Amino acid sequence: MPAPKVGFISLGCPKALVDSERILTQLRLDGYEVSPSYDDAEVVVVNTCGFLDSAKQESLDAIGEAMAENGRVIVTGCMGGEEESIRAVHPEVLAVSGPQQYEEVVAAVHEWAPTERPAHDPYTDLVPPQGVKLTPRHYAYLKISEGCNHSCSFCIIPDLRGKLVSRPVGEVLDEAQRLVDNGVRELLVISQDTSAYGVDIKYRTGFWQGRPVKSDMLSLCQTLGEMGVWVRLHYVYPYPHVDKIIPLMAEGKILPYLDIPFQHASPTVLAAMKRPAHQERSLERIRRWRQQCPDLTLRSTFIVGFPGETEADFQHLLDWLGEARLDRVGCFKYEAVAGARANELPDAVPEPLKEERWQRLMEAQQKISAERLQEKVGRTLEVLVDTIDEEGAIGRSWADAPEIDGQVFFNGDHCAPGDLVRVKIEEADDYDLYGFQQT
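These numbers come from a predicted model, not from an experiment.

Q: It is not clear to me how the sheet that holds strand S3 (residues 43–48) should be interpreted in this structure. Could you clarify?
A: Either a parallel or an antiparallel arrangement is found when strands of a sheet pair, and the pairing is made through backbone hydrogen bonds. Taken in spatial order, the five strands line up as S2-S1-S3-S4-S5 in an open sheet, and their pairing is parallel. Strand pairing shows two members of the sheet lacking a second neighbour, strand S2 (33–35) and strand S5 (95–96), which therefore form its edges. Where strand S4 (residues 73–77) lies against S5, two bridges are found, and the strand directions are parallel. What sits directly across from Val-75, in S5, is Val-96. Sitting on the sheet, helix H1 (residues 14–29) is in contact with strand S1 (5–10), S2, S3 and S4, with an inclination near 175° to S1. Together, S1, S3 and S4 form the strand contacts of helix H2 (residues 53–69), whose direction differs from that of S3 by roughly 175°.

Q: What am I meant to see in the confidence of the model for the protein chain here?
A: Note that predicted coordinates carrying low pLDDT should not be read in detail. Residues of the protein chain with pLDDT of at least 70 account for 94%, and the chain-wide mean is 89. This model gives residues 118–126 a pLDDT under 50, and the stretch forms six contacts once residues within four places in sequence are excluded.

Q: Quick question: what am I supposed to make of unusual backbone geometry here?
A: For residues other than glycine, phi is negative in most cases, and the peptide bonds are mostly trans. Notably, Gln-209 is not glycine yet its phi reads approximately 50°, a positive angle. Looking at the secondary structure, you find Gln-209 in the loop between strand S10 (205–208) and strand S11 (211–214). Unusually for a residue other than glycine, Gln-263 sits at a positive phi of about 75°. In this fold, Gln-263 is placed in the loop between strand S13 (257–259) and helix H9 (267–273).

Q: Would you take a moment to explain the side chain of Arg-328 for this structure?
A: By the element assignment, Arg-328 lies in strand S15 (residues 328–333). For Arg-328, the side chain forms a polar contact with the main-chain oxygen of Tyr-431, separated by 3.1 Å. Discounting residues that sit within four places of it in the chain, Arg-328 has contacts with Leu-298, Arg-299, Ser-300, Leu-373, Ala-399, Asp-400, Asp-405, Gly-406 and Tyr-431.

Q: Sorry, what's going on with the pattern of salt bridges here?
A: A side chain with one charge may pair with a side chain of the opposite charge, provided their charged atoms come close. In the structure shown here, the tally under the stated rule is 30 salt bridges. Residue Glu-171 pairs with Arg-167 through a salt bridge whose shortest N-O separation is 2.9 Å. Of the residues examined, Arg-167 reaches a relative accessible area of 18% and is grouped as buried. Across the pair Glu-175 and Arg-167 runs a salt bridge whose closest N-O atoms are separated by 2.7 Å. Residues Glu-175 and Arg-167 agree in their burial class; the two are buried. Salt bridges here are not isolated pairs; linked through shared partners, they connect Asp-243, Arg-281, Glu-284, Arg-285 and Arg-288.

Q: What am I meant to see in the pairing of strand S12 (residues 230–233) here?
A: In summary, the side chains of a regular strand alternate between the two faces of the sheet. Burial of the side chains of S12 extends over both faces: Trp-230 and Arg-232 are buried on one face and Val-231 and Leu-233 on the other. Here strand S9 (residues 186–190) runs beside S12; their pairing, made up of four bridges, is parallel. Among the inter-strand pairings, Leu-188 is bridged to a residue of S12, identified as Arg-232.

Q: Looking at this model, I keep getting lost on the layout of surface pockets. Mind explaining?
A: For the largest pocket, the calculated volume is near 1300 Å³. Considering the residues around the largest pocket, the lining is formed by 50 residues, among which Cys-13, Lys-15, Phe-51, Tyr-235 and Phe-332 are closest to the centre. Among the elements of the structure, H1, H2, strand S6 (139–143), helix H5 (157–161), S9, strand S14 (297–304) and S15 are those that each provide at least two residues to the lining of the largest pocket. For the lining of the largest pocket, the leading source of residues is H1, giving four residues. Among the residues forming the lining of the largest pocket, the class breakdown is 31 nonpolar, eleven polar and eight charged.

Q: Help me understand a negative patch on the surface in this model?
A: A cluster of acidic side chains, namely Asp-39, Glu-58, Asp-61, Glu-65 and Glu-69, defines a negative patch on the protein surface. Given the relative accessible area of 71%, Asp-39 is considered exposed.

Q: Honestly, the packing of helix H6 (residues 169–181) against helix H7 (residues 217–224) in this entry has me stumped. Any pointers?
A: Angle between the axes and distance between the axes: these two values describe a pair of packed helices. Two elements in contact, H6 and H7, have axes separated by 11 Å at closest approach and are oriented at 25°. As the angle between them shows, H6 and H7 are arranged roughly parallel. Judged by the twist between their axes, the crossing of H6 over H7 is right-handed. Of the residues in H7, those in contact with Val-169, Val-172, Leu-173 and Ala-176 of H6 are Leu-220, Thr-223 and Leu-224. When grouped by side-chain class, the residues that make up the contact of H6 with H7 number six nonpolar, one polar and no charged.

The rules behind these values
Residue indices follow the written sequence of each chain, beginning from 1 at its first position. Where totals are concerned, whole chains, interfaces and linings use all residues; where local detail is concerned, this predicted model gives features only for residues with pLDDT of at least 70, and gives and counts side-chain atom pairs only at 80 or more. Hydrogens and water molecules were not included; the side-chain quantities draw on all heavy atoms of the structure. What makes two strands pair is DSSP finding at least two bridges between them. A run of H or I in DSSP becomes a helix once it reaches four residues, and a run of E becomes a strand once it reaches two; helices and strands are each numbered from the N terminus. Between two residues, a contact is recorded if the distance between any of their heavy atoms is within 4.5 Å. Helix axes are fitted to C-alpha atoms over the stretch in contact, other axes to C-alpha atoms as well, and angles between N-to-C directions run from 0 to 180 degrees. A residue's pLDDT is the confidence the predictor assigns to it, expressed on a 0 to 100 scale. N or O atoms closer than or at 3.5 Å make up a polar contact, with two conditions inside protein: a donor-capable atom paired with an acceptor-capable one, and, for residues adjacent in sequence, both atoms drawn from side chains. Think of a salt bridge as a Lys or Arg side-chain nitrogen and an Asp or Glu carboxyl oxygen that are within 4 Å of each other. Buried means the residue's accessible area, taken with a 1.4 Å probe over protein chains only, is under 20% of the maximum for its type, while exposed means over 50%, and partly exposed covers the values in between. The way it works is a 1 Å grid over only the protein atoms, where trapped points that fit a 1.4 Å probe form a cavity and open points with protein on both sides within 12 Å along at least five of seven lines form a pocket, and then any residue with an atom within 4 Å of a point lines it. Grid points are joined across faces, edges and corners, and a volume is the space filled by probe spheres set on the points. When residue character is reported, Ala, Val, Leu, Ile, Met, Phe, Trp, Tyr, Cys and Pro are called nonpolar, Asp, Glu, Lys and Arg charged, and the others, Gly included, polar. Surface patches are drawn from residues lacking salt bridges whose relative accessible area is over 30%; two like charges belong together within 9 Å, two nonpolar side chains (Val, Leu, Ile, Met, Phe, Trp, Tyr) within 5 Å. Only the protein chains shown count as cover for residues, and the accessible areas themselves come from Shrake-Rupley with a 1.4 Å probe. For the charge count, each Lys or Arg is scored as positive and each Asp or Glu as negative, with His and the chain ends excluded. Lysine's charge is taken at NZ, arginine's at CZ, aspartate's at CG and glutamate's at CD. Angles below 35 degrees are treated as roughly parallel, those above 145 as roughly antiparallel, those between 65 and 115 as roughly perpendicular, and all remaining angles as oblique. By definition, turning the near helix anticlockwise from the far helix through less than a right angle yields a left-handed crossing, and turning it clockwise yields a right-handed one.

In structure tokens:
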């Protein structure tokens, strides 16, 4: 009999994308095919996001569309922990499971779209060694842990995904090697708190390919840096031991790129947010990092309009950004998330004022980002090619993470997706670079 087909919708962050890849890999191993449309799918799985109310609404809308187009929907992911809220809007969904409940969602697919093919069937050869990936062949996300030990007042991630659980270092490195062996040129290291890797297991020593490797951020980065591909770090909290990673970047072992969620600069706001490491002298450390590694790219996210944020607090943030001169910045207007402790704080900031502060911050940062990009004009950069179209090639330098940062546009006459090429930069705008491939 034909293999059952499963539709799949993946919402949310890269960590959720990795969860989707894991579910899809298991379904393919079990003999299912993945359908690109609602029409011929026997069931549709929706992997939801539940971090913000706006994300929850997007998830509910996606479930509603799948119900309307197909009618047989299985829900999983971060919002899956709120089954009552989901069934209040969509009572006829087939099953609901929470984040990281891989077995439950796979079992639900088996229940509602049975397959007679056993797990040991030769059809499992259809699954590539690196598993089913939802990213292009030349880059992949490498999740090193689940959960988070922090208690940031605006965040409910620990409630959704639990406390920190680090993956065994040998397992992480085995996955990385499989990805590299199958054509991946860039590994994007992700977790809820990348710099906390190994804290929960007391940094115990594991083994990989017969050699001891300590379960900590430095040892992991050192070993990944030996694999001959780009290694990019995301969601790095600025703990003191992050200083030890900068020499690896200066030596070219891993990309000189740090994604650090600073969230604010005012000590008063940071204390109300209950942010870890909020007392670190971050500007001084940034200057020291750049002295060691001049090409270091820093990306961050910030929240404006947090309860109690005064004009002085916001001006402190603007002044901090002016000194820090971060390369890439994302900004969010504070949104009260159900269950977050920040909802109980006094002095809520009015919505119009949140909008006004968001506009001011983005305008200030846009100027800084444009100036930082202008500094690259005239340089020849190594670029990883993502796509080729009728106008040329589009790729990224070390300073650009996929889908969230800028791009490099160039002629691309003799290259293909996944190639690393040298591009002479001749022009820059607020976000992107333009140049010509060097032979």
